[in-house]
Amino acid sequence: MKSRRSFLKSTGSGLAIAGASLFAPKFLYAAGLSSGTIEASSLETLPGKKPLIKRNYRPVNYETPVEYFDDVITPNDRFFVRWHLTEVPEITPADWRLKIGGESAEHPFELSLEQLKKDFPAVEMTAVCQCSGNRRGLSDPHVAGVEWGYGAMGNARWKGVRLKDVLAKAGIKPDAVEITFDGADGPAIDKTPDFAKSLPLWKALDENVLIAYEMNGEPLPHLNGGPARIIVPGWTATYWVKKIVAINAVAKPLQTFWMNPAYRVPKGMFPTGERFTSQEKENVPTTPITEIVVNSLITNIKDGQRFHRGAPVVVKGLAWDAGYGINLVEVSIDEGKTWQAATLGADQGRFSFRSWQFSFKPTQSGKHVVMAKASNRQGATQTFELIFNPAGYHNNVVQRIAIQVA
Ligand SMILES: Nc1nc2c(c(=O)[nH]1)N[C@H]1C(S)=C(S)[C@@H](COP(=O)(O)O)O[C@H]1N2
Ligand SMILES: [Mo]
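Heads up: these notes are all about the structure in this document. Keep in mind the model is a prediction, meaning the values are calculated, not measured.

## Let's talk about the overall build of the chain
Here comes step 1: A tally of helices and strands in the chain yields five helices and 25 strands.
Here comes step 2: When the 406 residues of the chain are sorted by exposure, 54% land in the buried category.
Here comes step 3: When the accessible surface of the chain is summed, it comes to about 17200 Å², and 52% of that surface belongs to carbon and sulfur atoms.

So this is what it looks like as structure tokens:
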């Protein structure tokens with residue numbers, strides 16, 4: 001069923017050890033290295049992709065350069081790639097099977113891609129897929145894990161079927177607490193545990209959670225999880241299991257490395273509307289990461305860029321949150337002393353990136369610090385100081401870009 005002839009295996013010189021850093025939860029105190037480390041990585045082209053910023057080759061971890069975010073939709077060939085394990089089998093659509101079962105399923109069954117498309121209504125939605133560790137490389141002090149810059153995220157139009165429709169066919173027993181997800185990827189020579197995740201039952205039954213087989217109108221690309229993946233709009237990408245091959249309804253909380261200790265944040269550190277309580281324990285100080293925090297990115301200007309006095313400077317960017325809806329983006333051109341509202345672009349759905357734009361005419365020469373800050377309908381906004389946590393998650397620190405006016 002799975003061809004092991006993936007390009008990952010055929011190239012021999014992998015040096016990076018998959019997930020090794022995840023087993024060393026000590027902090028690497030190297031303050032001051034942040035931005036240098038981010039820029040030191042090289043651009044490389046993976047099959048089917050435009051050049052992306054390489055963070056690791058084995059497993060494949062490549063991020064999207066900021067310049068590629070000039071559109072609200074991130075094209076498939078520019079979309080970041082993140083795998084925890086080195087063995088990522090290519091599965092042809094004809095060979096792919098999805099098993100639905102588990103001790104809390106009444107009628108376990110199996111689906112081909114054709115059946116999935118034929119037996120359940122298709123749904124399409126635009127949603128941001130953002131790695132929990134996006135911007136981890138900017139953490140100060142440094143933390144262990146892939147040193148992502150700003151591009152471990154993307155926004156695509158996903159087409160698939162509702163997970164809840166598929167689960168209904170299997171018949172969920174009243175004792176079910178979680179739905180578990182297993183991808184076809186696996187450990188090779190390294191000791192990284194198999195990637196398996198779960199969602200609380202109530203979240204798995206949310207009408208926005210899909211088993212997706214298309215991305216931006218094309219079959220889901222191999223590196224982004226084809227033939228099919230889970231999408232969980234509003235929650236960080238750790239739950240968006242790629243190359244999904246097994247979905248189980250279970251009566252006990254899933255205990256895998258990827259549920260605990262990985263992908264957790266200290267309890268109470270971040271405001272969260274949606275909590276994953278079956279994975280919480282009274283004597284454990286952490287809780288699973290869930291919703292994406294409010295964030296924004298300036299996409300068209302860079303530190304040190306030069307502009308002419310009296311000529312308009314146009315600042316463009318993106319803003320997003322967990323699906324409550326971005327309702328305000330403010331820009332400051334005086335290091336945060338005063339703020340003005342940017343113009344928001346068209347609303348492409350509450351889980352999508354929202355574009356924004358702001359223009360001004362600098363009247364004085366010298367350095368101008370440009371900052372952007374998004375807020376959502378709940379009144380949540382970005383932070384000015386890093387909320388430090390050992391895994392470097394949820395970095396939504398307001399950017400500061402210094403331009404030169406002459
Ligand atoms: N099967 C499988 N699914 C997975 C992962 C993985 O390692 N294996 N990584 C997850 C994480 S942490 C992220 S950030 C996203 C990345 O999705 P992308 O490669 O399409 O950008 O996939 C998620 N789904
Ligand atoms: Mo991730």
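## Some words on the site of ligand 1
Here comes step 1: Around ligand 1 sit 19 residues in total, of which F80, H84, D185, R229 and K242 are the nearest.
Here comes step 2: In the environment of ligand 1, an oxygen atom lies 2.4 Å from a nitrogen or oxygen atom belonging to the side chain of K242.
Here comes step 3: Notes on ligand 1: free accessible area 530 Å², of which the protein chains cover 100%.
Here comes step 4: Classifying every residue of the shell around ligand 1 by side-chain character gives eleven nonpolar, four polar and four charged.
Here comes step 5: Structurally, the shell around ligand 1 is a two-domain feature, drawing no fewer than three residues from each of domain 1 (4-82) and domain 2 (97-130 + 154-288).

## Quick look at the environment of D303
Here comes step 1: One can find D303 in the loop between strand 17 (295-298) and strand 18 (306-307).
Here comes step 2: Put simply, D303 and V369 are 66 residues apart on the chain and 9.0 Å apart in space, counted from C-alpha to C-alpha.
Here comes step 3: When sequence neighbours within four positions are dropped, the list of residues in contact with D303 reads R400, I401 and A402.
Here comes step 4: At 2.7 Å, the side chain of D303 forms a polar contact with the backbone nitrogen of A402.

## Description of the packing of aromatic side chains
Here comes step 1: A complete count under the given rule lists 15 aromatic pairs for this structure.
Here comes step 2: Members of the aromatic cluster, each reached through a chain of ring pairs, are F79, F80, W148, W158 and W240.
Here comes step 3: Directly above the ring of Y68 sits R78, whose terminal nitrogen or CZ lies 4.6 Å from the centroid.
Here comes step 4: Here the guanidinium or amino end of K242 rests over the ring plane of W83, the centre of that ring lying 3.8 Å away.

## Structural notes on the pairing of strand 2 (residues 52-56)
Here comes step 1: Note that strand 1 (residues 43-44) and strand 2 share two bridges and pair antiparallel. Bridge pairing in strand 2 places L43 opposite I53.
Here comes step 2: Bridge count for strand 2 against strand 3 (residues 61-63) is three bridges, and the pairing is antiparallel. Residue pairing for strand 3: N56 is matched across the bridge by N61.
Here comes step 3: Between strand 2 and strand 3, which follow one another and run antiparallel, lie four residues.

## Things to note about the nonpolar core
Here comes step 1: W158, I211, I244 and I247 are the most contacted members of the largest nonpolar core, which has 70 residues in total.
Here comes step 2: Here the element with the most residues in this core is strand 11 (residues 210-215); it accounts for five residues.
Here comes step 3: When we break this core down by domain, the ones giving at least three residues each are domain 2 (97-130 + 154-288) and domain 3 (295-405).
Here comes step 4: A319, V331, A372 and V405 belong to the second-largest nonpolar core, a separate cluster that totals 20 residues.

## What to know about the sheet that holds strand 18
Here comes step 1: Spatial ordering of the open sheet is given by 18-25-24-20-21, a layout of five strands whose pairing is mixed. Among the strands making up the open sheet, the edge pair consists of strand 18 and strand 21 (340-341).
Here comes step 2: When strand 20 (residues 326-332) meets strand 21, the two strands line up antiparallel, connected through two bridges. Within strand 21, the position partnered with E330 by the bridge is A341.

## Here we look at the pairing of strand 5 (residues 97-101)
Every other side chain in a regular strand lies on the same face of the sheet, so the side chains alternate between the two faces.
Here comes step 1: With four bridges joining them, strand 5 and strand 6 (residues 109-112) adopt antiparallel strand pairing. Opposite L98, over in strand 6, you have L111 as the bridge partner.
Here comes step 2: The pairing of strand 5 with strand 14 (residues 244-250) spans three bridges and is classified as parallel. What sits directly across from K99, in strand 14, is A246.

About the thresholds
- Residues numbered from 1 in each chain as written.
- Chains lettered and ligands numbered in written order.
- Predicted model: local features only at pLDDT ≥ 70, side-chain atom pairs only at ≥ 80, totals over all residues.
- Heavy atoms only, no water.
- Helix = DSSP H or I, 4+ residues; strand = E, 2+ residues; numbered from the N terminus.
- Buried < 20%, exposed > 50% of the residue type's maximum accessible area, 1.4 Å probe, protein only.
- Areas by Shrake-Rupley, 256 points an atom, 1.4 Å probe, with all protein chains shown as cover.
- Near = heavy atom within 4 Å.
- Polar contact = N/O pair within 3.5 Å; in protein donor to acceptor, adjacent residues only side chain to side chain.
- Nonpolar A, V, L, I, M, F, W, Y, C, P; charged D, E, K, R; others polar.
- Domains from an automatic or database assignment.
- Contact = heavy atoms within 4.5 Å.
- Phe/Tyr/Trp six-rings, centres within 6.5 Å; stacked < 30°, edge-to-face > 60°.
- Lys NZ or Arg CZ within 6 Å of the ring centre and 35° of its normal.
- Pairing = 2+ DSSP bridges.
- Core = buried A, V, L, I, M, F, W, Y, C linked by side-chain atoms within 4.5 Å.

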